[in-house]
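Given next are the chains, with one letter for each unit.
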Amino acid sequence: AELVDLHDRTRSIERLIAAVDAALLGTKLIYIEVKGDDVDLAQAFQWLQEKSLFAGSILWNPTPGVDFAACDLVRNALVSTTLGLPLREQEARDVAM
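Quick caveat: nothing in here was measured; it's all calculated off a predicted structure. (Residues numbered from 1 in each chain as written. Predicted model: local features only at pLDDT ≥ 70, side-chain atom pairs only at ≥ 80, totals over all residues. Heavy atoms only, no water.)

Remarks on the overall build of the chain
Phase 1: Each helix and strand counted, the chain has four helices and zero strands in total.
Phase 2: Along the chain, helices and strands appear, N-terminal first, in the series α-α-α-α.
Phase 3: Considering the chain as a whole, with its 97 residues, one finds that 12% of them fall into the buried category.
Phase 4: Considering only contacts in the chain between residues 6 or more positions apart, those separated by 24 or more positions represent 47%.
Phase 5: Looking at the chain as shown, the accessible area adds up to about 8,200 Å², and 61% of this sits on carbon and sulfur atoms. (Helix = DSSP H or I, 4+ residues; strand = E, 2+ residues; numbered from the N terminus. Buried < 20%, exposed > 50% of the residue type's maximum accessible area, 1.4 Å probe, protein only. Contact = heavy atoms within 4.5 Å. Areas by Shrake-Rupley, 256 points an atom, 1.4 Å probe, with all protein chains shown as cover.)

Structural notes on the environment of Val20
Phase 1: One can find Val20 in helix α1 (residues 9-24).
Phase 2: Judged by relative accessible area, which is 46%, Val20 ranks as partly exposed.
Phase 3: Taking C-alpha positions, Val20 is 9.9 Å from Cys71, a pair spaced 51 residues apart along the chain.

Quick look at a nonpolar patch on the surface
Phase 1: A contiguous nonpolar surface patch, about 400 Å² in accessible area, is contributed by Leu3, Val4, Leu6 and Leu16.
Phase 2: In this fold, Leu6 is placed in the segment before α1.
Phase 3: Take Leu6: its relative accessible area is 80%, and that puts it in the exposed class. (Patch = residues over 30% accessible without salt bridge, like charges linked within 9 Å, V, L, I, M, F, W, Y side chains within 5 Å. Salt bridge = Lys/Arg side-chain N within 4 Å of Asp/Glu carboxyl O.)

Considerations on the side chain of Ser12
Phase 1: For Ser12, the position within the fold is in helix α1.
Phase 2: Residue class for Ser12 comes out buried when judged on its relative accessible area of 6%.
Phase 3: Dropping the residues within four chain positions of it, Ser12 is found in contact with Leu3, Val4 and Asp5.

Regarding helix α3 (residues 70-80)
Structurally, the α-helix is built with 3.6 residues per turn, so residues lying three or four positions apart point the same way.
Phase 1: Within α3, burial applies to Cys71, Asp72, Arg75, Asn76 and Ser80. The arc enclosing the buried residues of α3, seen along the axis, measures out at 165°, which places them on a common side. Exposed positions of α3 whose direction lies more than 90 degrees from the buried face are Ala70, Val74 and Leu78. (Arc of directions from axis to C-beta.)

Examining the confidence of the model for the chain
Phase 1: On average, residues of the chain carry a pLDDT of 75, and 74% of them reach 70 or more.
Phase 2: Per-element confidence in the chain ranges from a low mean pLDDT of 75 for helix α2 (residues 41-54) to a high of 84 for α1. (pLDDT = per-residue confidence, 0-100.)

In structure tokens:
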């Protein structure tokens, strides 16, 4: 089904709300401190996200840490695009969103 129906505005809004809810439900923030200047932070986040999403089908961990979902991968991919900016610019962009 299409997310937006040009002929039915109410249904389109309901679908968009449902999509946003699905993307944000269970979204968690994590703190990672990286020491050194030679680390590609976007790549580190991507690696961490992929490992947390796909390792569950390969490995069994009886005491896992934070559970990640696909929406976390999307969020981290979007956030990682600004990691090369100074911290003040990153914060300004986040607040503007």
